[in-house]
Amino acid sequence: GAPTRFVDVPDANTNELRVYDVQAQPGRVVIMDQDVGHTVVAPNAGAGKRARYSLVWKLILHPKIHGQDMKDLAGGRETFWPDTEFFGSASQVASR
């Protein structure tokens, strides 16, 4: 197929941009801030004649109660979402 390419902030040591490709997969969802540098990449031969579609939602999350922790969107209910996979500079922040 065709990955979505993300460009991260330059490496502090080399000053080179860090580029990450996330491969398209059925059921895969990428949730990100709209200001993250990204682009789609031209399909490779493995895509064949299949079209690539991207569906974009602009989400605005509002708390239901005053002081709600917006990181706990399940409200304490069990969820079936896979673990979040951080990459790039976000992985450094997530591991702190």
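Preceding block: the structure.
Note that this is a predicted model, so its numbers are computed, not measured.

Enquirer: Please clarify how the sheet that holds strand β3 (residues 37-40) should be interpreted in this entry.
Expert: To summarise the sheet geometry, strands pair through backbone hydrogen bonds and adopt either a parallel or an antiparallel arrangement. One open sheet holds the three strands; their spatial order is β2-β1-β3, and the pairing between them is antiparallel. Strands with a single pairing partner mark the edges of an open sheet, and in this sheet they are β2 (18-22) and β3. Taken over all neighbouring pairs, the strand axes of this sheet differ in orientation by 25° on average, direction set aside. Bridge count between strand β1 (residues 4-8) and β3: four bridges; the pairing is antiparallel. If you follow R5 over to β3, its bridge partner there is T39.

Enquirer: Is there a simple way to think about the side chain of T4 in this case?
Expert: Mapped onto the secondary structure, T4 falls in strand β1. Exposure remark for T4: the relative accessible area of 17% places this residue in the buried category. Each residue touching T4, except ones within four places of it in the same chain, is listed here: Y20, D21, V22, H38, T39 and R52.

Enquirer: Can you help me understand the side chain of D8 in this one?
Expert: By the secondary structure assignment, D8 is in strand β1. Buried and without a salt bridge, D8 has R18 as its closest oppositely charged side chain, separated by 4.2 Å. Not counting residues within four places of it along the chain, the set of residues in contact with D8 comprises L17, R18, Y20, G88 and S89.

Parameters at a glance
Residues numbered from 1 in each chain as written. Predicted model: local features only at pLDDT ≥ 70, side-chain atom pairs only at ≥ 80, totals over all residues. Heavy atoms only, no water. Pairing = 2+ DSSP bridges. Helix = DSSP H or I, 4+ residues; strand = E, 2+ residues; numbered from the N terminus. Axes fitted to C-alpha atoms, helices over the stretch in contact; angles between N-to-C directions. Buried < 20%, exposed > 50% of the residue type's maximum accessible area, 1.4 Å probe, protein only. Contact = heavy atoms within 4.5 Å. Lys, Arg positive; Asp, Glu negative; His and termini not counted. Salt bridge = Lys/Arg side-chain N within 4 Å of Asp/Glu carboxyl O.

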